[in-house]
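# Fold and geometry: a report
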Amino acid sequence: MNYIQQTIQFVKAELEGAEAGHDWFHIQRVYKNALHILKTEKANEQVVVLAALLHDIADSKFFNGDESIGPKKAMDFMTSIDINDEVKNHVVKIIENISFKGGNFNRNFHSIELDIVQDADRLDAIGAIGIARTFNYGGFKNTPMHNPDIPPKLNMTKQEYKAHNGTTINHFYEKLLLLKDLMNTQTAKHLAEKRHAYMLGFLDQFFNEWEGKV
């Protein structure tokens, strides 16, 4: 069994029963997105593959905000299958820096591999899948779908973003609609355009139906 098969087997076991927006199928989509972007970028394939497969192995939002669990689980697993230290350390740095976190924080690590995996993850947060994931998570957290009296909270700090409880529709304005302009690679920027437009169309329809106009 090669390292990819071993990693997939590990991730599937770890995420069994996970919330549907952050389960194995989310990982699989991000992995496919990353491989697609990788075709147009010069990067370390092993780093990209491992980071894409392990990036959400323990999302902090499901562990009381603890951001150390995911990187540690990933490091321990990679050590168990004899991944070399340079690759392991690079993958962990990607996991530590991939999240949106409100968009207002200084990323302290940069690499083309991080750019690729971050884009792959962000693509799965927008478009039709992004809409489905957002409402699924809102239901999971019992978040109000929409409340016209609660405006979106923009320009949040990382700490504010992690502690924030708003509405599902507001999440579009607080994160999803911002992602198109935060893509790193040309391939992701191109793919994001269509997905972004789809979300705008959805929101137009949603508000029209909310007001009883259609």
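Preceding block: the structure.
So, here is what we can say about the structure in this document. Throughout this document, residue positions are counted from 1 along each chain, in the order its sequence is written. Side-chain atom pairs in this predicted model are given and counted only at pLDDT of 80 or more, local residue features only at pLDDT of at least 70, and totals for whole chains, interfaces and linings cover all residues. Side-chain measures here rest on the full set of heavy atoms in the structure, leaving out hydrogens and waters.

### Digging into the nonpolar core
- Remark: nonpolar core denotes a set of buried residues (Ala, Val, Leu, Ile, Met, Phe, Trp, Tyr, Cys) joined through side-chain atoms within 4.5 Å. Using a 1.4 Å probe on the protein chains alone, a residue whose accessible area is under 20% of its type maximum counts as buried, one over 50% counts as exposed, and one in between counts as partly exposed. In terms of nonpolar packing, the biggest core is built from 51 residues, with Val 11, Leu 54, Met 78, Val 91, Ile 126 and Phe 172 touching the most fellow members.
- At the level of elements, helix H1 (3-14), helix H2 (24-38), helix H3 (45-54), helix H4 (69-80), helix H5 (85-97), helix H6 (112-123), helix H9 (168-174) and helix H10 (186-210) are the ones that each hand at least two residues to this core.
- At eight residues, the largest contribution of residues to this core is made by H3.
- With sequence-adjacent residues up to four places away left out, Val 11 is seen in contact with Trp 24, Ile 27, Leu 53, Leu 54 and Ile 57. Numbering goes from the N terminus for both helices and strands, where a helix is a DSSP run of H or I of at least four residues and a strand is a run of E of at least two. Between two residues, a contact is recorded if the distance between any of their heavy atoms is within 4.5 Å.

### Some words on the side chain of Thr 7
- Among the secondary structure elements, Thr 7 is positioned in helix H1.
- Residue class for Thr 7 comes out buried when judged on its relative accessible area of 0%.
- Counting of polar contacts relies on pairs of N or O atoms within 3.5 Å, with two restrictions inside protein: one atom must be capable of donating a hydrogen and the other of accepting it, and residues adjacent in sequence are counted only when both atoms are side-chain atoms. Here Tyr 3 takes part through its backbone oxygen, which lies 2.6 Å from a polar atom of the side chain of Thr 7.
- Not counting chain neighbours up to four residues away, the residues in contact with Thr 7 comprise Leu 50, Leu 53, Leu 54, Phe 77 and Ile 81.

### Describing the pattern of salt bridges
- The rule for a salt bridge is simple: a side-chain nitrogen of Lys or Arg has to be within 4 Å of a carboxyl oxygen of Asp or Glu. With the rule as written, the count across this model stands at six salt bridges.
- Here Arg 29 makes a salt bridge to Asp 124, at a shortest N to O gap of 2.6 Å. In this pair, Arg 29 sits in helix H2 while Asp 124 sits in the loop between H6 and helix H7 (127-140), placing the two residues 95 residues apart along the sequence.
- On the basis of relative accessible area, Arg 29 is assigned to the partly exposed category, the value being 23%.
- Here Lys 180 and Asp 181 are joined by a salt bridge, their closest N and O atoms 3.0 Å apart.
- If you follow the salt bridges from partner to partner, you end up with Arg 29, Asp 124 and Arg 133 in one network.

### Focus on the packing of aromatic side chains
- Two rings from Phe, Tyr or Trp (for Trp, the six-membered ring) form a pair when their centres sit within 6.5 Å of each other. Planes less than 30 degrees apart are called stacked, planes more than 60 degrees apart edge-to-face, and all others tilted. Evaluated as defined, the whole model comprises eight aromatic pairs.
- Consider the rings of Phe 135 and Phe 202, whose centres lie 5.9 Å apart with planes at 75 degrees: the pair is edge-to-face. With Phe 135 in helix H7 and Phe 202 in helix H10, this pair connects stretches of sequence that are 67 residues apart.
- Members of the aromatic cluster, each reached through a chain of ring pairs, are Phe 135, Phe 172, Phe 202, Phe 206, Phe 207 and Trp 210.

### Some points on H7
- Helix span is expected to be 1.5 Å times the residue number reduced by one. Taking 1.5 Å of rise per residue, 14 residues should cover 20 Å, and H7 covers 20 Å from first to last C-alpha, within 8% of that figure.
- Of all the positions in H7, only Gly 127, Gly 130, Ile 131, Arg 133, Thr 134 and Gly 138 are classed as buried. Viewed end-on, H7 has its buried residues packed into an arc of 165 degrees, placing them on one side of the element.
- Where H7 is buried, its residues contact H2, H9 and H10.
- Asn 142 sits one or two positions beyond H7 and adopts a positive phi of about 55 degrees. Note: the arc covers the axis-to-C-beta directions of the helix.

### Overview of the side chain of Arg 122
- Looking at where Arg 122 falls in the secondary structure, it is placed in helix H6.
- Asp and Glu are treated as the negative residues and Lys and Arg as the positive ones, with His and the ends of the chain left uncounted. Buried within the structure, Arg 122 lacks any salt-bridge partner; Asp 119 is the closest side chain of opposite charge, at an N-O distance of 5.3 Å.
- Residues within four places of Arg 122 in sequence aside, it is in contact with Ser 99, Phe 100, Leu 179, Leu 182 and Met 183.

### A few points about unusual backbone geometry
- Notably, Asp 82 is not glycine yet its phi reads approximately 65 degrees, a positive angle.
- Positionally, Asp 82 belongs in the loop between H4 and H5.
- The class of Asp 82 is exposed, set by a relative accessible area of 69%.
- Its identity as a non-glycine residue notwithstanding, Asn 142 has a phi of 55 degrees, on the positive side.

Such coordinate-based values are descriptive only and should not be taken to indicate function.
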